[in-house]
Amino acid sequence: MGVVLRNLQKVVPLRRARLRKDVDTLRHILGVHKFDLGIICVDNNRIQQINNIYRKKNVPTDVLSFPFYEDLRPGKLPCPLQRDELNLGDIFLGVEFVMKQCQEESLDLHGALTVITAHGICHLLGYRHETEEEWTEVCMEIDA
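Read on for a plain summary of the structure. What you see is a predicted model; the values in this text were computed from it and never measured.

### A look at the sheet that holds strand β2 (residues 36-42)
Spatial ordering of the open sheet is given by β1-β2-β4-β3, a layout of 4 strands whose pairing is mixed. What marks the edges here is a single partner per strand, and that holds for β1 (3-7) and β3 (63-67). Sheet twist, expressed as the mean angle between neighbouring strand axes with direction ignored, is 15°. Pairing geometry for β2 and strand β4 (residues 87-94), over 7 bridges, is parallel. What sits directly across from Cys-41, in β4, is Leu-93. In the packing of helix α1 (residues 16-29) onto the sheet, contacts are made with β1, β2 and β4, and the angle to β1 comes to roughly 145°. Where helix α2 (residues 44-55) meets the sheet, it contacts β2, β3 and β4, and its direction lies at approximately 50° from that of β3.

The rules behind each value
Residues numbered from 1 in each chain as written. Predicted model: local features only at pLDDT ≥ 70, side-chain atom pairs only at ≥ 80, totals over all residues. Heavy atoms only, no water. Pairing = 2+ DSSP bridges. Helix = DSSP H or I, 4+ residues; strand = E, 2+ residues; numbered from the N terminus. Axes fitted to C-alpha atoms, helices over the stretch in contact; angles between N-to-C directions. Contact = heavy atoms within 4.5 Å.

The values are spatial; any link to function lies outside them.
Rendered as structure tokens:
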């Protein structure tokens, strides 16, 4: 199983090989290396469109996750019945948005993208953060 990594933006130079390596490491750490994962890097316009369509928020953001298993309980791995169900879902990374944050806070872009991807994977694994309690739980999973 693997990672499909697409870079659909041209605003930010991106080292896909490094991001792919970091994502593979994340998948092993989180115990989801047998599942396929899609990562799509987009600019502010595209992430804003997607955010508006699916979340009714007409602003760019850092990450949007679309799980294959929509009703997964946080912390539980999916139990696929068929080989073609070995899929976690897709993560859209707002690379331009993340780069602006990195510039404002003097952070490394690729390190930040790895953290944001971990955040996205947590969403694919059922973690949500609509409340403060849910946000604390997501942060604990990322830090684990």
